[in-house]
Amino acid sequence: MVTRRTEPEAGRSALAAWAVGPEAPRAVLAPAVRHTLELFAEEFPGGAVELRVPPFAAVQAITGTRHTRGTPPAVVETDAGTWLGLVSGELTWGDAVDEGRVRASGERSDLSELLPLTGPRRTVRTAREQSADGEDGKDGEQEPR
């Protein structure tokens, strides 16, 4: 079980704000990244891979060998914009790796089959559609956990 540090609605709102303004400030990026990392760790529980999006957060996910000290057996690290692009489907894993936007090492560090996540993809798509329609971006739609 992942301990949530980010209130889900605050995370969804931040993700929606990023969707319509990708050059978002740290106050938007931080909860969006934390929320989506928490969702990823809930969807793929475990401790075989450490996902890092500095300076915002890191989580352990994916079943397999769990580490408690030192360097984990697998690490994936990227920046906030790349991570949000990956979880929302705006960017493919292969493109991110090819462009050097993701550093992945160790067994199980290829996340291509695990991304994007359905909830964040829906949140981003809805926010962009509402922005294009001139709406305020709040329709009450809840993303799946």
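One can find the structure itself at the top, above this paragraph.
Rules and cut-offs
- Residues numbered from 1 in each chain as written.
- Predicted model: local features only at pLDDT ≥ 70, side-chain atom pairs only at ≥ 80, totals over all residues.
- Heavy atoms only, no water.
- Salt bridge = Lys/Arg side-chain N within 4 Å of Asp/Glu carboxyl O.
- Helix = DSSP H or I, 4+ residues; strand = E, 2+ residues; numbered from the N terminus.
- Buried < 20%, exposed > 50% of the residue type's maximum accessible area, 1.4 Å probe, protein only.

Colleague: Describe the pattern of salt bridges, naming the residues involved and giving the relevant values.
Modeller: Going through the model one piece at a time under the given rule, you end up with six salt bridges. Across the pair Arg12 and Glu9 runs a salt bridge whose closest N-O atoms are separated by 3.2 Å. Of this pair, Arg12 and Glu9 both sit in helix H1 (residues 8–20), three residues apart, which is roughly one turn of that helix. Judged by its relative accessible area of 11%, Arg12 is buried. Taking the relative accessible area as the measure of exposure, Glu9 reaches 36% and is therefore partly exposed. For Glu77, the salt bridge goes to Arg52, with nearest N and O atoms at 3.9 Å. Of this pair, Glu77 sits in strand S3 (residues 75–78) while Arg52 sits in strand S1 (residues 49–53), and the two are 25 residues apart along the sequence. Salt bridges sharing partners connect three or more residues here, namely Glu50, Arg52, Glu77 and Arg103.

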